[in-house]
There are 2 protein chains.
Amino acid sequence: MFEIIAEPNRRAILSLLVSSQQSVGEIERQLRMPQPTVSKHLRVLREAGFVESTVDAQRRLYRLKPEPLQEVDAWLAPFRRFWSAHVDALERHLDRMDQLTQTKRKTRRRR
Amino acid sequence: MFEIIAEPNRRAILSLLVSSQQSVGEIERQLRMPQPTVSKHLRVLREAGFVESTVDAQRRLYRLKPEPLQEVDAWLAPFRRFWSAHVDALERHLDRMDQLTQTKRKTRRRR
DNA sequence: CCTTTATATACCTTGACACGTATATGCTCT
DNA sequence: AGAGCATATACGTGTCAAGGTATATAAAGG
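Each chain has its residues counted from 1, following the order in which its sequence is written. Both sets of labels track the order of writing: A upward for chains, 1 upward for ligands. Two thresholds apply to this predicted model, a pLDDT of at least 70 for residue-level local features and 80 or more for giving and counting side-chain atom pairs, whereas whole-chain, interface and lining totals are computed over all residues. Based on all heavy atoms of the structure, the side-chain values leave hydrogens and waters out of the count.

Chemist: I'd like a rundown of the environment of Thr54 of chain A, residues and numbers included.
Modeler: All names here are of chain A. The helix count covers DSSP runs of H or I at least four residues long, the strand count covers runs of E at least two residues long, and both are numbered beginning at the N terminus. Mapped onto the elements of the fold, Thr54 is located in strand β2 (residues 51-56). Three exposure classes are used, based on accessible area relative to the maximum for each residue type with a 1.4 Å probe and protein chains only: buried under 20%, partly exposed in between, and exposed over 50%. Residue class for Thr54 comes out partly exposed when judged on its relative accessible area of 34%. Sequence separation between Thr54 and Val24 is 30 residues, and the spatial gap between their C-alpha atoms is 11 Å. Ignoring any residue separated from it by four or fewer positions in sequence, one finds Thr54 in contact with Arg59, Arg60, Leu61 and Arg63. Here the side chain of Thr54 touches Arg63 through a polar contact of 2.8 Å, side chain to side chain. The criterion used for residue contact is that any of the two residues' heavy atoms lie within 4.5 Å. N or O atoms closer than or at 3.5 Å make up a polar contact, with two conditions inside protein: a donor-capable atom paired with an acceptor-capable one, and, for residues adjacent in sequence, both atoms drawn from side chains.

Right under this line is the structure:
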């Protein structure tokens, strides 16, 4: 999963698809990427469940599937807790600084 | 950035550090990973700004830095919008189904 | 000082993967 | 049926990164 989105071209493709579905040719043109490259990355993305495709005559329309990226999001959850805890700690620290300094200069930090 | 967290051992190290700072040896033991491997991954993580270290006698204590993972989180933002839009669409769809069926059977989906 | 402990680095080998080029598959339209 | 377009796949090549083993650096303690 993480290996998949480690590849810059694949991330570019995913970012393209977030707005709407696209054919291979459209992706190829917008990203200025040789067609076999696009097809191969799409294959990887499809097999990993990041995208799915439907047939439209000779074209294939690719669109995003949410699940894998949601798992990435889920993996990030503990870290989000970590850094928001840090912001809290920083705020408490600043508040304490505030307590200490407000006796000297009579201004107060806004909340 | 994405390349960094694509490596499973590095993700394991990051997950360890989310609870509290750890020395190289502690990481080595908890993850059952040879020491040079740990050191090399920590170097990569440090140079990419995912962790920082302080010296404690012969030990080095490594702790998380939030910024890089926050950037990953930021990259995910558009996709979060994408899939919550989809949940919304699904809900609207179910509500419409509800409208259509409630005339036949007199029960109503709970909100 | 010398040994032990903790961590970092050097070197080598191996495997995976991304790319380019060429070619195959498949659909459409005349 | 044949030409042309859209997409997929096959193959050969180069690069890079991870792992293992050995060794270097450095601090602690007797």
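There's plenty left to go through after this.
Chemist: Can you tell me about the protein's contact with DNA strand C, naming the residues and giving the values?
Modeler: A single heavy atom is enough: if one lies within 4 Å of a molecule or strand, its residue is considered near that molecule or strand. Residues in contact with DNA strand C amount to 22 residues; listed here are only the nearest, Asn9 and Lys40 of chain A together with Gly25, Gln35 and Tyr62 of chain B. Close to the protein, within 4 Å, the atoms of DNA strand C are drawn from sugar and phosphate at a rate of 62%. At a separation of 3.1 Å, a phosphate oxygen of DNA strand C approaches a polar side-chain atom of Arg10 of chain A. Tyr62 of chain B is positioned with one of its side-chain polar atoms (N or O) 2.6 Å from a phosphate oxygen of DNA strand C. In terms of residues, the surface near DNA strand C owes the most to one element, helix α4 (residues 35-47) of chain B, which gives five residues. Amino acids outside the nonpolar list (Ala, Val, Leu, Ile, Met, Phe, Trp, Tyr, Cys, Pro) and the charged list (Asp, Glu, Lys, Arg) are all regarded as polar, and Gly is one of them. Split into classes, the residues belonging to the surface near DNA strand C amount to six nonpolar, nine polar and seven charged.

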